[in-house]
Amino acid sequence: MKQTGKKFLRLLIGLAVMSFGSAMALVADLGMEPWDVLNDGMARFLQSHIGITLSNGADLITFGRANIAIGLTILLIDVLCGEKVGFGTFINILICGNIVDLCTGDLIPGFALLPDYRGLAMRVDLVPRLILCVLSLIPAALGMYIYMSARLGSGPRDGLMCVLTRKLHKWPVGGIRVMLEGCALLLGWALGGTVGIGTIILVCLSGPVMQLIFKLAKFNVRELRHETVPETISTLRGAKNPD
């Protein structure tokens, strides 16, 4: 029980650190993250081709719903490729967005952990925004290592990275991440998603920074095996009812 509690604590700390990195890139407002370009492009494409409006006047297809649909699709691919789904997979989906909102001040008005440059013209405060965008890569990668090393399950996109890393033996994990985010960026851009200089920075540097941190931590994604939800429940039951 105590060991499992430590693993959940490690998971939550890692997700919080990773989400802080995402919030840094968001408030820099120099372009969306690569997967968000895909979410944005998919939403725009479907809105223009389907264009269904709800009774309250809102669009049926939104950025958030596109994000959910793409995430679930990738999760299905992960499962079909043999990636284990654990508690961490669902906790990742449920809390990361809220932690980002807390850091940016969107969750609690008047309370923010970061300066907010959103809505400014590209040339305004460009240097500090570039610094913030580049530095966001460090907590994003460090948080990923911390939460994934808890071995309680990866988020859908990180899970896909793990699947491909195990299947493409000659490819480094950083290269696979660049490939995945590059594909998401190109597809999202082709569908009409918004791309900025920050997007290009994140695509080009996120993989190398992540690989460096994984190497320093001696964390091998190819050897990573997560606990499934039933396995974790079984462990907890065994701790409560020892023979």
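As a reminder, the structure under discussion sits directly above these lines.
The rules we used
- Residues numbered from 1 in each chain as written.
- Predicted model: local features only at pLDDT ≥ 70, side-chain atom pairs only at ≥ 80, totals over all residues.
- Heavy atoms only, no water.
- Phe/Tyr/Trp six-rings, centres within 6.5 Å; stacked < 30°, edge-to-face > 60°.
- Lys NZ or Arg CZ within 6 Å of the ring centre and 35° of its normal.
- Axes fitted to C-alpha atoms, helices over the stretch in contact; angles between N-to-C directions.
- Helix = DSSP H or I, 4+ residues; strand = E, 2+ residues; numbered from the N terminus.
- Parallel < 35°, antiparallel > 145°, perpendicular 65-115°, else oblique.
- Left-handed = near helix turned anticlockwise from the far one by under 90°.
- Contact = heavy atoms within 4.5 Å.
- Nonpolar A, V, L, I, M, F, W, Y, C, P; charged D, E, K, R; others polar.
- Salt bridge = Lys/Arg side-chain N within 4 Å of Asp/Glu carboxyl O.
- Buried < 20%, exposed > 50% of the residue type's maximum accessible area, 1.4 Å probe, protein only.
- Polar contact = N/O pair within 3.5 Å; in protein donor to acceptor, adjacent residues only side chain to side chain.
- Core = buried A, V, L, I, M, F, W, Y, C linked by side-chain atoms within 4.5 Å.

Let us look at the packing of aromatic side chains. For the coordinates displayed, the defined rule picks out three aromatic pairs. Taken together, the ring pairs connect Y145, F214 and F219 into an aromatic cluster. Directly above the aromatic system of W35 lies the positively charged group of R157, at a separation of 5.5 Å from the ring centroid.

A few words on the packing of helix α7 (residues 156-167) against helix α8 (residues 173-190). Angle between the axes and distance between the axes are the two parameters that describe a pair of packed helices. Following both chains from N to C, one finds α7 and α8 inclined at 125°, their axes separated by 10 Å at the closest point. It follows that α7 is oblique to α8 by the angle criterion. Crossing hand, α7 versus α8: right-handed. Facing α7, whose interface residues are D158, L160, M161, L164 and T165, α8 presents V173, I176, R177, M179 and L180. Grouping the amino acids of the contact of α7 with α8 by side-chain chemistry returns seven nonpolar, one polar and two charged.

For the rest of this paragraph, the subject is the pattern of salt bridges. This model, assessed by the stated rule, comprises eight salt bridges. Here E83 and R166 are joined by a salt bridge, their closest N and O atoms 2.2 Å apart. Here R166 lies in helix α7 and E83 lies in the loop between α3 (63-80) and α4 (87-104), a separation of 83 residues in the sequence. The closest approach of N and O atoms between E231 and K84, which form a salt bridge, is 3.7 Å. Of the two residues, E231 sits in helix α10 (residues 229-240) while K84 sits in the loop between α3 and α4, which places them 147 residues apart along the sequence. Taking relative accessible area as the criterion, K84 reaches 33% and is therefore assigned partly exposed.

All right, on to the environment of V17 then. Take V17: it is sitting in helix α1 (residues 2-28). Given a relative accessible area of 25%, V17 falls into the partly exposed group. Taking C-alpha positions, V17 is 19 Å from D29, a pair spaced 12 residues apart along the chain. In contact with V17, other than residues within four places in its own chain, are P139, A140 and G143.

Turning our eyes to something else, we now look at the side chain of E227. For E227, the position within the fold is in the loop between α9 (197-216) and α10. Here the side chain of E227 touches K7 through a polar contact of 2.6 Å, side chain to side chain. When residues no more than four places from it in sequence are discounted, the contact partners of E227 are K7, V85, G86, R151, L152 and T232.

Right, let's get into the nonpolar core. Counting 31 residues, the largest nonpolar core has M144, M148, M161 and F214 as the members making the most contacts within it. Elements supplying a minimum of two residues to this core: α1, α2 (34-49), α3, α4, α6 (137-148), α7, α8 and α9. In this structure F214 touches A141, M144, Y145, V173, F219 and V221, once residues within four positions along its chain are discounted. Counting residues in each nonpolar core, the second largest holds 16 residues, with V100, L114, Y117 and L132 among its members.

Quick look at unusual backbone geometry now. With glycine set apart, most residues show a phi of negative sign, and most peptide bonds adopt trans. Despite not being glycine, D125 shows a phi value in the positive range, around 50°. Mapped onto the elements of the fold, D125 is located in the loop between α4 and α5 (126-135). On the accessibility criterion, D125 (41% relative accessible area) is partly exposed. Phi angles above zero are rare outside glycine, and K218 is one such case at about 55°.

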